[in-house]
Amino acid sequence: MTLPLSFTIPAQHAGKRLDQSLAELLPEYSRSRLQSWIETGNILLGGVAASRKQKVWGGERVQVTPEAQPEENAYQPEDISLNIVYEDEAILVIDKPAGLVTHPGAGNWQGTLLNALLHYLPQAATIPRAGIVHRLDKDTSGLMVVAKTLQAQTQLVRDLQARTVKRVYWAVALGVFERAEGSIEAAIGRHPTQRIKMAVHADASPVGKPALTYWKVLRQFPRAAWVECRLATGRTHQIRVHLTHLGHPLLGDPVYRGKNQAAGFSPGLPSFLRQALHAVRLGLAHPISGELMEWEAPPPPDFANLLQELEQNHAS
């Protein structure tokens, strides 16, 4: 926070609203920003908080304490622990916990993986997105690769586009699958009315982008299945959208869950308060040496316990 600004409302502003007067007197700040400062108490009129619609009559003392918007401080280093699976001079492979946001965005401007990377790798500040090559949803756990150099990032992005990066997930999906394995190729784009959701679109739609997921049932339980999914493409929420499109939303999914799965509960199934999705394996050609490499991350305790409980319930 910078030092407060103090000044007097000029007489010729008599009758104006406070926010109108300030917008003219402080043109270096947008009107919306000044309005937000009024609402947060960063602007005092005569020593007390005011409303933006309050009229001024000239001669009032104003104190303005400028404050950056949350997004302006988003790209700051933060000391957040990382579970590092592998590291060399070019890449970093991380086992991301559920609950950690990958990249700053609305409602999550601090405390993200990007902030952690900027602290752990100060040189990441010179690389787009701090070296992040692909994302995992906040409540999806598992493996991610991060580039430590621009050269490595460029090559990894090319490999992702060429579909040569192997990304395998474990999921627990609702319902009984009719087949043991299969694939779904259906374009994905923003939902037409619910902006936080993605949806399947017709291939000819300008909104949807091509998306392909391979799936295999590892264990079928009476009301749900343990499913392995392999991504050929990497669209936002791809597995969640594709499996929902097949009629098998993920257990605990807060966005795509069925109407009977409110608050992480589904009839006859263990409770699970996040989408049951874990990035279990990651394989790629090293961006510098070309060596083929692969890593596996066992599921975190909540996911492992879920599988165990499903198995025990099935056996009883």
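Look above for the structure.
Quick caveat, the model's predicted, so the values are computed rather than measured. (Residues numbered from 1 in each chain as written. Predicted model: local features only at pLDDT ≥ 70, side-chain atom pairs only at ≥ 80, totals over all residues. Heavy atoms only, no water.)

(A) Region of the structure containing the overall build of the protein chain. For the protein chain, the helix and strand inventory stands at 6 helices and 15 strands. A principal-axis box enclosing the C-alpha atoms of the protein chain has dimensions of 80 × 50 × 40 Å. Taking all 316 residues of the protein chain together, the buried fraction comes to 47%. Within the protein chain, contacts between residues at least 6 apart in sequence are counted, and of these 62% link residues at least 24 apart. Counting every atom, the protein chain has about 15,700 Å² of accessible surface; 51% of that belongs to carbon and sulfur. (Helix = DSSP H or I, 4+ residues; strand = E, 2+ residues; numbered from the N terminus. Buried < 20%, exposed > 50% of the residue type's maximum accessible area, 1.4 Å probe, protein only. Contact = heavy atoms within 4.5 Å. Areas by Shrake-Rupley, 256 points an atom, 1.4 Å probe, with all protein chains shown as cover.)

(B) The arrangement of the packing of helix α1 (residues 18-25) against helix α2 (residues 31-39) in detail. Between α1 and α2, whose axes approach to 9 Å, the crossing angle comes to 130°. By the angle between their directions, the pair α1 and α2 is classed as oblique. The chirality of how α1 crosses α2 is right-handed. Residue-level contacts link Leu 18, Asp 19, Gln 20, Leu 22 and Ala 23 of α1 to Arg 31, Leu 34, Gln 35 and Ile 38 of α2. Across the contact of α1 with α2, the residue classes tally to 5 nonpolar, 2 polar and 2 charged. (Axes fitted to C-alpha atoms, helices over the stretch in contact; angles between N-to-C directions. Parallel < 35°, antiparallel > 145°, perpendicular 65-115°, else oblique. Left-handed = near helix turned anticlockwise from the far one by under 90°. Nonpolar A, V, L, I, M, F, W, Y, C, P; charged D, E, K, R; others polar.)

(C) Examining the layout of surface pockets more closely. Counted as a void, the largest pocket has a volume near 1,400 Å³. In this structure, the largest pocket is lined by 44 residues; those nearest its centre are Arg 135, Asp 137, Arg 235, Thr 236 and His 237. Contributions of two or more residues to the lining of the largest pocket are made by α4 (150-161), β8 (166-174), β10 (187-190) and α5 (238-245). The class makeup of the residues in the lining of the largest pocket is 19 nonpolar, 14 polar and 11 charged. (1 Å grid on protein atoms, 1.4 Å probe; cavity = no way out; pocket = protein on both sides within 12 Å on 5 of 7 lines; lining within 4 Å. Points joined across faces, edges and corners; volume = space filled by probe spheres on them.)

(D) Spotlight on the pairing of strand β6 (residues 91-96). Taken across its 6 residues, β6 has 6 buried, putting it largely inside the fold. Burial along β6 is two-sided: Ile 91, Val 93 and Asp 95 and Leu 92, Ile 94 and Lys 96, pointing in opposite directions, are all buried. Sheet topology places strand β5 (residues 84-87) next to β6; 3 bridges connect them, and they run antiparallel. For Tyr 86, the partnering residue across the bridge sits in β6 and is Val 93. Counting the residues between successive antiparallel strands, the hairpin from β5 to β6 contains 3 residues. As paired strands, β6 and strand β7 (residues 141-147) are joined by 6 bridges and run antiparallel to one another. By the bridge assignment, Asp 95 is partnered in β7 with Leu 143. (Pairing = 2+ DSSP bridges.)

(E) Expanded view of the side chain of Gln 35. Topologically, Gln 35 is positioned in helix α2. Within polar-contact distance, the side chain of Gln 35 engages the side chain of Arg 52 at 3.4 Å. (Polar contact = N/O pair within 3.5 Å; in protein donor to acceptor, adjacent residues only side chain to side chain.)

(F) The arrangement of the sheet that holds strand β2 (residues 43-45) in detail. Read across the open sheet, the 4 strands follow the order β1-β4-β2-β3; overall the sheet is antiparallel. Of all the strands in the sheet, just β1 (5-8) and β3 (48-49) have a single pairing partner and so form its edges. Two strands pair when backbone bridges link them, and β2 and strand β4 (residues 61-64) are joined in this way by 3 bridges, in the antiparallel orientation. The partner of Leu 45 across the bridge, within β4, is Val 62.

(G) Quick look at the pattern of salt bridges. A complete count under the given rule lists 12 salt bridges for this structure. Lys 16 is the salt-bridge partner of Glu 24, the closest N and O atoms lying 3.0 Å from each other. By relative accessible area, Lys 16 is classed as partly exposed at 25%. Salt-bridge contacts for Glu 228 lead to Arg 281; the nearest nitrogen and oxygen are separated by 2.8 Å. Placement of Glu 228 in strand β13 (residues 224-231) and of Arg 281 in strand β14 (residues 277-285) is noted, with a sequence separation of 53 residues between them. Here the residues in one salt-bridge network are Arg 17, Asp 19 and Arg 31, joined through shared partners. (Salt bridge = Lys/Arg side-chain N within 4 Å of Asp/Glu carboxyl O.)

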